[in-house]
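# Results of the structural survey
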Amino acid sequence: MSSPVIVLVGPMGVGKSTVGQLLADRLGVGYRDTDDDIVTAEGRGIADIFVDEGEGAFRELEKRAVRTALTEHDGVLALGGGAVLDADTRALLAGQRVVYLSMDVEEAVRRTGLNVARPLLAVNPRKQWRELMEARRHLYEEVATAVVPTDGRTPEEVAEAALNAL
Ligand code: S3P
């Protein structure tokens, strides 16, 4: 049984995969992403799972994927933006090095506003972002051992700040 070197949490579009891969390269370890694990295991995209079975079913798959990855992976692990909604997942993150990549709402709208492939933002991105951030910010903060703001920073700068924050 192993444990990740770093777990990345934060909203969708904040750059967890890009920064996670940079961090993994810098640390000479592997990179893993629970969204990718779910897509591989299910053989279909996240948006399709939401449409076919609903968010609740996706959250169950996500909870299992996070639990498995936390015990199997010993590199950098990025979690989907909503993984922290689950109380059992939050409990599993206690004792891990968890970096919360944060961004403000306007930055989030700029980065993902037109991306209709993301099922949680399809109707009114700015309003939905505000609600998502209000509902989740404290959950990210609860599990985080370090918070790294990403607004106005390149992925390389964010990765550097994350390494310094460890
Ligand atoms: C979600 C974030 C997505 C993906 C799904 C739901 C969320 O992951 O798990 O669309 O609830 O915030 P990313 O944060 O990797 O985009």
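Residues numbered from 1 in each chain as written. Predicted model: local features only at pLDDT ≥ 70, side-chain atom pairs only at ≥ 80, totals over all residues.

## Considering the UniProt feature "binding site: substrate" (unreviewed entry) in the protein
Those residues carrying the UniProt feature "binding site: substrate" (unreviewed entry) are D35, R59, G81 and R136 in this numbering. As for its placement among the helices and strands, D35 is situated in helix α2 (residues 34-42). Beyond its immediate chain neighbours, meaning those up to four positions away, D35 contacts I46 and G80. For G81, the position within the fold is in the loop between β3 (76-78) and α5 (87-93). Once residues lying within four places of it in the same chain are set aside, the contact partners of G81 are G10, P11 and M12. (UniProt positions renumbered as here; feature names shortened; annotations may be inferred. Helix = DSSP H or I, 4+ residues; strand = E, 2+ residues; numbered from the N terminus. Contact = placed C-beta atoms within 7 Å.)

## Observations concerning the sheet that holds strand β5 (residues 146-149)
Overall, parallel pairing links the 5 strands, which are arranged β2-β3-β1-β4-β5 in an open sheet. The outermost strands of the open sheet, each flanked by one partner alone, are β2 (31-33) and β5. The sheet shows a mean angle of 25 degrees between the axes of neighbouring strands, taken without regard to direction. Alignment of strand β1 (residues 6-9) against β3, held across 3 bridges, turns out to be parallel. (Pairing = 2+ DSSP bridges. Axes fitted to C-alpha atoms, helices over the stretch in contact; angles between N-to-C directions.)

## Focus on the packing of helix α1 (residues 16-27) against helix α8 (residues 155-165)
Contact pair α1 / α8: the axes reach a minimum separation of 9 Å and the direction vectors enclose 60 degrees. Here α1 is positioned oblique relative to α8, judged by the angle of their axes. The handedness of the crossing between α1 and α8 is right-handed. Across the interface between the two elements, T18, V19, L22, L23 and R26 of α1 pack against P155, E156, V158, A159, A162 and L163 of α8. (Parallel < 35°, antiparallel > 145°, perpendicular 65-115°, else oblique. Left-handed = near helix turned anticlockwise from the far one by under 90°.)

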